[in-house]
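Structural description and commentary
Here is what each chain is made of, one letter per residue.
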Amino acid sequence: MLETTIAAIRPADEAAMAAARELHGRLTKPAGSLGALEELSVRLAGLAGACPPPLPEPAAVAIFAGDHGVHAQGVSPWPQEVTGQMIGNFLAGGAVVNAFARQAGASVTVVDVGVATPLPTGPVADPAGLDPAGPDSAGPDPAVLDPAVPRLVVASVRRGTRDFTVTAALTRDEALAAVQTGIRIADELIDAGAGILLTGDMGIGNTTPAAALIAAFTGADPLDATGRGAGIDDPTYAHKVAVVRSALARHSPDPADPLGVLAAVGGLEHAALAGLILGAAARRTPVLLDGVIAVSAALAAAAFAPAAVGAMVAGHRSAEPGATVALRHLGLDPLIDLGLRLGEGTGALLALPVVTGAVRVLHEVATFDSAGVAEK
């Protein structure tokens, strides 16, 4: 599955991008007056291979959840049980991501790809197609994109990763299974009609593997790639940097081997997010990235298939310093910068109207000729 997905990812359509730029030049506005929105709409035309590109709707948020063996090293003050408890909050509609998703009319799918503790009961979808060992045999589910009902998909590869300060976080087969789960989720959401995918994540301690991934793929010093996550004091932060540094020294991950990097120092949610991004790129569907977890996964996706960057839209600049390092490496400029560091998909949801607006301009704004407006 991974190989065929990568093979389906193509570069942007230059003719569609040229048509979008030409159309912008004829719309009733000064040339370049919409700033970054104009280039965004051009990129989306190139992704779709059409001008104007389809409106990016409906929107679907995919929250991948997993736990981390490195939590045992004291890198987070939060107990690991919070990961499973927050899934219950997502399903009850009580998290920030739910509030923002309701505002945007976006569906929320929560995917247990590696939670260590028992999950709360709730609406569960567990189609055979999401079993990492089996092919997709489930048909489209009309409830998949229901914005009123958050959905849980059980697709656990294992109950949390191993402690990467001791051994590799995952085997290569486990990392591959998580990546393929992300691809299947992308296919399921797009088959159900989603016009844009939004990345979400949940996992206590997951900014530590994110920092390790960012350092591994970009060559950045762990001090520059590591942030304070959900809030840690100075001694814990220094310890967290040291943990990342020692893991990289132990495993020496090769950025030319993205599956190996994910296995050595990644998380199951990071691997699944990389798969989601690859799946979206293969289907020429935009994927709106959230914060530092998403952009660390995006680095892996770009290492698998450089052209996948064409499907990525950076929703916001996370307060985590590694996010800026990763975005610079990917060549992506974030749409908003509000000092957010929550994750869940919250920043991507806040940026969604910007993406929609960029495309709507090409659909709805009159040209100088059609409006009878004189040009300069």
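Notes on the structure in this doc start here. All residue numbers refer to positions counted from 1 along the written sequence of the respective chain. Residues qualify for local features only when their pLDDT is at least 70, as the model is predicted, and side-chain atom pairs are given and counted only at 80 or more; totals for whole chains, interfaces and linings, by contrast, use all residues. As a rule here, side-chain values cover all heavy atoms of the structure and leave hydrogens and water aside.

Re the packing of helix α7 (residues 207-218) against helix α9 (residues 234-251)
All axes are obtained by fitting lines to C-alpha atoms, using only the stretch in contact for helices, and the reported angles, taken between N-to-C directions, cover 0 to 180 degrees. Think of it this way: any DSSP run of H or I at least four residues long counts as a helix, any run of E at least two long counts as a strand, and we number them from the N terminus. Contact geometry of α7 with α9 gives a least axis separation of 10 Å together with a crossing angle of 50°. Classed by the angle they form, the pair α7 and α9 counts as oblique. Viewed along their axes, α7 and α9 form a crossing whose handedness is right-handed. On α9, the residues that touch Thr-207, Thr-208, Ala-211, Ala-212, Ala-215 and Ala-216 of α7 are Lys-240, Val-243, Val-244 and Leu-248. Of the residues assigned to the contact of α7 with α9, the class counts are seven nonpolar, two polar and one charged. Note that the term roughly parallel is reserved for angles under 35 degrees, roughly antiparallel for angles over 145, roughly perpendicular for angles of 65 to 115, and oblique for everything else. Helix crossings get a hand from a simple test, with the near helix turned counterclockwise from the far one by less than a right angle marking a left-handed crossing and a clockwise turn marking a right-handed one. Any pair of residues with heavy atoms lying within 4.5 Å of one another is described as a contacting pair. Basically, the charged four are Asp, Glu, Lys and Arg, the nonpolar ten are Ala, Val, Leu, Ile, Met, Phe, Trp, Tyr, Cys and Pro, and anything else, Gly included, counts as polar.

A short note on the packing of α7 against helix α13 (residues 321-330)
Two elements in contact, α7 and α13, have axes whose closest approach is 10 Å; the angle formed by their N-to-C orientations is 35°. With respect to the hand of their crossing, α7 and α13 are arranged in left-handed fashion. In contact with Ile-214, Phe-217 and Thr-218 of α7, α13 contributes Gly-322, Ala-323, Val-325, Ala-326 and His-329. Looking at the contact of α7 with α13 residue by residue, the classes come out as five nonpolar, three polar and no charged.

A word on the side chain of His-68
Looking at the secondary structure, you find His-68 in the loop between β1 (59-66) and α4 (81-92). Once residues lying within four places of it in the same chain are set aside, the contact partners of His-68 are Gln-80, Thr-161, Gly-203, Ile-204, Gly-205, Asn-206, Pro-209, Gly-267, Glu-269 and His-270.

Observations concerning the pairing of strand β5 (residues 196-202)
Think of it in three bands: with a 1.4 Å probe and only protein chains considered, a residue is buried below 20% of the maximum accessible area for its type, exposed above 50%, and partly exposed in between. β5 sits mainly inside the fold: seven of its seven residues count as buried. Residues of β5 alternate between two faces, with Ile-196, Leu-198, Gly-200 and Met-202 on one and Leu-197, Thr-199 and Asp-201 on the opposite face, all of them buried. Judged from the seven bridges that link them, β1 and β5 form a sheet pairing that is parallel. When the sheet's bridge partners are listed, Ala-65 is paired in β5 with Met-202. Pairing of β5 with strand β6 (residues 287-289) involves two bridges; the strand directions are parallel. Counterpart to Leu-197 in the pairing with β6 is Val-287. Any two strands between which DSSP finds at least two bridges are classified as paired.

Thoughts on unusual backbone geometry
Note the cis peptide between Cys-51 and Pro-52, where omega equals -5°. For the bond running from Glu-57 to Pro-58, omega is -5°, close enough to zero to count as cis. With respect to the helices, strands and loops of the structure, Pro-58 is situated in the loop between α3 (36-48) and β1. Even without being a glycine, Arg-284 presents a positive backbone phi close to 55°. By the element assignment, Arg-284 lies in the loop between α11 (268-282) and β6. The phi dihedral of Glu-344 is positive, around 70°, even though this residue is not glycine.

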